[in-house]
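Structure assessment
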Amino acid sequence: MRTDTAPTILRQDYTPYPFRIPTVDLTFDLAPGLTQVHSRLSVERIHPEAAPLVLNGEALNLISISIDGHVLSPEHYQLDDHQLILHPEKAAFTLEIISTCRPAENTSLMGLYQSGHSLFTQCEAEGFRRITWFADRPDVMSRYTVTLQADKTQFPHLLSNGNLLHHQALPDGRHQAVWEDPHPKPCYLFALVAGDFDCREKTITTRSGRQALLQVYCDKGDYPRTAWALDCLERSVLWDESRFNLELDLDRFMIVAARDFNMGAMENKGLNIFNSAYVLADAQTATDASFEAIESVIGHEYFHNWTGNRITCRDWFQLSLKEGLTVFRDQEFSADMMARGLPDSAALSARTVKRIDDVTALRTAQFPEDAGPMAHPIRPDSYQEIGNFYTATVYEKGAEVIRMQHTLLGEPGFQAGMAEYFRRHDGQAVTCDDFVNAMDSVYRQQAPGKDLAAFRRWYAQAGTPRVSVDLQYDPQTAQCVLTLSQRCDPVGVEKLQNPAVAKPPLHIPFALGLLGADGSPILLETDGLSGETLVLDLTQTTQTWVFKNVTQRPVPSLLRNFSAPVIVEYNYTDEELALLARKDPEPFSRWEAGQSLATRCLLAMAGKQGQSGTAKAAIDLLAATWADIAGDASLSPAYKTRVFTLPSERVLLEKMSPINPPALALARRALRRQLGQALQDTWQTLYDDMCATLDGQTYSPDAASAGARALKNCALAYQVAATVSGALERAERQYYNADNMTDRMGGLTPLVNHAPEDVKTRALAHFYDQWQANPLVIDRWFALQATASSTTVADVQALMAHPAFTLRNPNRARSLVFQFCLNNIQGVYCEAGYAFWAEQVMALDQINPEIAARLARAFDHWGRLVPKERQAIKLQLEKIMQRPSLSRNVYEIISKALT
Ligand code: ARG
Ligand code: ZN
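Residues numbered from 1 in each chain as written. Chains lettered and ligands numbered in written order. Predicted model: local features only at pLDDT ≥ 70, side-chain atom pairs only at ≥ 80, totals over all residues.

1. Considering the domain arrangement of the protein
By the assigned domains, the protein splits into domain 1 (9-285), domain 2 (316-455), domain 3 (466-571) and domain 4 (572-724). Averaged C-alpha coordinates put domain 1 and domain 2 at centres separated by 28 Å. Contact with domain 1, which involves 15 residues of that partner, is made by 13 residues of domain 2. At the level of secondary structure, the elements contributing two or more residues to the side of domain 1 that touches domain 2 comprise β1 (9-10) and α1 (227-244). Ranked by the residues each element gives to the side of domain 1 that touches domain 2, the list is headed by α1, at five residues. For the side of domain 1 that touches domain 2, the class distribution of residues is nine nonpolar, one polar and five charged. (Domains from an automatic or database assignment. Contact = placed C-beta atoms within 7 Å. Helix = DSSP H or I, 4+ residues; strand = E, 2+ residues; numbered from the N terminus. Nonpolar A, V, L, I, M, F, W, Y, C, P; charged D, E, K, R; others polar.)

2. Quick notes on the sheet that holds strand β34 (residues 567-569)
Spatial strand order, β32-β26-β25-β34: four strands in an open sheet with mixed pairing. The open sheet has two free edges, formed respectively by β32 (542-547) and β34, since each of these has just one partner strand. Pairs of neighbouring strands in the sheet enclose a mean axial angle of 20°, with direction left out of account. Pairing geometry for strand β26 (residues 479-487) and β32, over six bridges, is antiparallel. Counterpart to Leu484 in the pairing with β32 is Gln543. (Pairing = 2+ DSSP bridges. Axes fitted to C-alpha atoms, helices over the stretch in contact; angles between N-to-C directions.)

3. So, the site of ligand 1
Around ligand 1, the surrounding shell holds 14 residues, and the nearest of these are Glu124, Met263, Met266, Gly387 and Tyr390. Counting residues per element, the ones that place at least two in the shell around ligand 1 are β20 (265-266) and α2 (288-303). Residues that form the shell around ligand 1 fall into these classes: five nonpolar, four polar and five charged. Two domains each donate at least three residues to the shell around ligand 1, and these are domain 1 (9-285) and domain 2 (316-455). (Near = placed C-beta within 6 Å.)

4. Points about the sheet that holds strand β21 (residues 271-275)
Taken in spatial order, the five strands make up an open sheet running β17-β18-β19-β21-β20, and their pairing is mixed. If you trace the sheet from one side to the other, it starts and ends with β17 (197-205) and β20, each paired once. Relative to β21, β20 is paired through two bridges, and the arrangement is antiparallel. Within the sheet, the bridge partner assigned to Met266 lies in β21 and is Ile273.

5. What to know about helix α5 (residues 392-425)
The end-to-end C-alpha separation of α5 is 26 Å, well short of the 50 Å expected for 34 residues at 1.5 Å each. The largest bend along α5 measures about 110° and falls at Gly410, with the proline Pro412 one to four residues further on. Of the residues flanking the end of α5, it is Gly427, one or two places downstream, whose phi is positive at about 85°. (Expected span 1.5 Å × (residues − 1). Bend = angle between axes of the 7 residues up to and from the residue.)

6. Some details on the packing of helix α9 (residues 574-583) against helix α11 (residues 616-630)
One way to put it is that α9 packs onto α11 with a least axis distance of 10 Å and a crossing angle of 10°. The orientation of α9 with respect to α11, classified from their angle, is roughly parallel. Along its contact with α9, which presents Asp574, Ala578, Ala581 and Arg582, the element α11 presents Ala618, Leu621, Thr625 and Asp628. When its residues are assigned to classes, the contact of α9 with α11 shows four nonpolar, one polar and three charged. (Parallel < 35°, antiparallel > 145°, perpendicular 65-115°, else oblique.)

7. Considering the UniProt feature "domain: Aminopeptidase N-like N-terminal" (unreviewed entry) in the protein
UniProt annotation of "domain: Aminopeptidase N-like N-terminal" (unreviewed entry) refers to residues 90-189 when read in the numbering used here. As annotated, residues 90-189 comprises 0% helix and 54% strand, and the C-alpha atoms at either end are separated by 29 Å. (UniProt positions renumbered as here; feature names shortened; annotations may be inferred.)

8. Describing the environment of Asp219
Along the chain, Asp219 falls in strand β18 (residues 211-219). Distance from Asp219 to Val256, taken between C-alpha atoms, is 9.0 Å for residues 37 residues apart in sequence. Setting aside residues no more than four positions away along its own chain, Asp219 makes contact with Gly116 and Phe197.

9. Here we look at the UniProt feature "domain: Peptidase M1 membrane alanine aminopeptidase" (unreviewed entry) in the protein
Within this numbering scheme, the UniProt entry marks residues 228-454 as carrying the feature "domain: Peptidase M1 membrane alanine aminopeptidase" (unreviewed entry). Taken end to end, residues 228-454 is 57% helix and 9% strand, and its two terminal C-alpha atoms sit 43 Å from one another.

10. With respect to the packing of α1 against helix α3 (residues 319-339)
Taken N-terminus to C-terminus, the directions of α1 and α3 make an angle of 100°; their axes are 11 Å apart at the nearest point. The orientation of α1 with respect to α3, classified from their angle, is roughly perpendicular. In this structure, α1 uses Arg235, Ser236, Trp239 and Arg243 to contact α3, whose residues at the interface are Phe333, Asp336 and Met337. Split by residue class, the contact of α1 with α3 holds three nonpolar, one polar and three charged.

11. Structural notes on the pairing of β26
Only one face of β26 is covered, namely the face carrying Cys480, Leu482, Leu484 and Gln486; the face carrying Gln479, Val481, Thr483, Ser485 and Arg487 is uncovered. Alignment of strand β25 (residues 466-474) against β26, held across nine bridges, turns out to be antiparallel. Paired with Tyr473 across the two strands is Cys480, which belongs to β26. The antiparallel pairing of β25 with β26 creates a hairpin that spans four residues between the two strands, and Ala478 there sits at a positive phi of about 55°. (Buried ≥ 20, exposed ≤ 12 C-beta atoms within 10 Å, placed from the backbone.)

12. Section: unusual backbone geometry
The omega torsion across Glu124 and Ala125 is 0°, close enough to zero to call that bond cis. Relative to the helices and strands, Ala125 resides in the loop between β11 (118-122) and β12 (142-151). Note the cis peptide between Ser657 and Pro658, where omega equals -10°. Turning to its location among the elements, Pro658 is positioned in the loop between α13 (649-653) and α14 (661-678). Phi at Leu559 takes a positive value of approximately 55°, unusual for a residue other than glycine. Structurally, the position occupied by Leu559 is in the loop between β33 (555-558) and β34. With 23 C-beta atoms counted inside 10 Å, the residue Leu559 sits in the buried group. Even without glycine at this site, Thr723 takes up a positive phi of about 50°. Its location among the elements puts Thr723 in the loop between α16 (703-721) and α17 (727-737).

13. Focus on α11
Spacing of three or four residues puts side chains on the same side of an α-helix, whose turn is 3.6 residues. Between its terminal C-alpha atoms α11 stretches 21 Å, which fits the 21 Å expected from 15 residues at 1.5 Å a residue. Taken together, the buried positions of α11 are Ala618, Ile619, Leu622, Thr625, Trp626 and Ala630. What you see down the axis of α11 is that its buried residues fit within an arc of 135°, all on one side. Opposite the packed face of α11, turned more than 90 degrees from it, sit the exposed residues Lys616 and Ala617. On the buried face of α11, the contacting elements are α9, α10 (587-607), α12 (637-643), α14 and α15 (680-694). (Arc of directions from axis to C-beta.)

What follows is the structure in structure tokens.
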């Protein structure tokens, strides 16, 4: 449908729903071709006036409507493609609607759909309306009873939310299951699953002594790959009890793996549905990174049971209320798991590795978003399609905004604020303001005279703030004067609407330390505060602090542990950065300093098309610093690997103006080669040491062994990049002999990027042959080729013709098309690349608008590119825009990109 007229929904237009729907009783007659849904709703008018009952519905076929048993004839209701409007006279009544839908034809994967031989639902945000007509909004909460009927051989498992009341055979080889969810919920948390599964389960005892059954369902044959997921689920339950004082409120908690899934996973009450990529893992098929991602997504969905399900969102503008908070919780869960059982300093380093990875993800996806045409506050003010707002801003920046509240209140204060939030709002659908109010009530008690008033602007303002730092030192008075100034330039639509308006200052918790010339910490003393790290409250546009008794010119260690999602501007010398990278006792800033030095080298080289002459001194300094770090026995292998990982092209792009992606890609390759050569002995030592560490151990995904493998494979990749003699052969041997997927990929990746054609082809053919029956592993095979530096548009097109490729499976589309368009800088930044991208956006839009809209964002930064590329991309954007049948999803993205 042409959508030029797609309405913009405004946050300020919120009005409560005029009816309550206390109970929902659904009966499904399930079949992939045609499913019949019988919905019985109890409805009560809240509003005294005669507001109509407006129900949402899409892609449904109506059979009948009745009120209190009386069938309505068509003149008693209005029905169109997206709404059913009734004018009930009674204040309370039972509404029954019978309708059908077609799961097998549903390629959008929203609502009820078929994946493999099974049926699944995805209702968040607005998918329930594709199942039956309903008030599809999160502030209408109901108690659900669900009856599922289906063929018993085809669908032996029939699952829905809550508890199983009965299960019985029906005539004609059919059966039925009746489920009841005792917790009132919005319809976006409804779920059903029907299929033939394996199930791994375990009964646990929750803190108050209740028994709960934990289950992980998967396709037949995948059972051996579900042990890790069940273990992660159990640890999630225990962690939420111990760290957040939140206990499982269900007798039964189920996870089901689906091969076709738009996102990562979904927190449906008691019945989480997951992309199989975030459930299935064993040593042979999953990398360390997958094991870690599974732990974090299982945690995330489980933690939603309280933050999202018990307290939900009033409207979708409040999405970050549940997502920002739940991402913060899953980040803390992963950090606690990594630090488990370690002595203090090692625990700090382990937590910092997680922090580095989270900040890197923020800079890779969210900083660019906040500088582009889709920039929005974590609580947006408007949208055309809510599916487009499941963004890095709402999730990852949202988590940073929660983390800052944690920093301001401290762990005990934050937990007191959480307890207050649940005390006030358990069972309700609320706003981000309600959350901050609860935190603010604790903050005001803790810090009389302070409040979160300026802090709240984080919810309203888009754009990444910049904090510039000025440091003056006076040896005479032994005083150091620090001035912090913040600004946030207009972004996205602001640029057009009111570019001149100054945004009010934010409350930025700014953590810093000072180091002496030898790297030793200086005690900070100012206004009654003292310590080696201080968290300053920057609340004004410009603020100054004076530190006393500073007996030598200090080097500042800024924004420690990334205490706020901002960009810091300070003119370090290269030598100061090297000092911090070697000596900063705060491990995050230490890593950051090394990255800054590397960034300088890369930007200088990119300016010269990859030549390193101009950056020679900085590169030498970087290499010398890395050599020291490599030999520092106090640092973990995982941490060292982060140090030795150059910033990605996507992070670097944001620091260049105008952006010249191919030049950056060249520079990055050249610097890798050079560091590979300069540190030959270092890489050899690290490789040997890590092999020795791992020798004789059977594979385990724990953080320590994962760290050792990461460092080993990082060293190997540098050796191959530098064409060190014997390195390719070593990579080849490692690939063929590996006993786990991490090492196998660690060998194969450098081969695919650097080996002669025959070696590479043989390895790829071997890989395909070995793993062709496992879709998640074949996704890796596609992704590896999609991102290889020599891969061209023609290569990708050839891969799309491979029998294993399909655009219909989101994981497969992501592994090839998205990987190429988003991460193959050398391959995609050319006219053929842009044309390919536009074609795929349009093809996907016919199948799955939500996925198409994500791909449509690949060139959000087009307006900042060098002119030639900018023009070429603009042509493609216009071509997409002219397409007659764009979805609302893609329309919103492309129209915003073009304004
Ligand atoms: N609430 C889910 C999660 O973050 C994401 C669901 C998003 N669904 C969608 N169709 N956009 O855990
Ligand atoms: Zn979530």
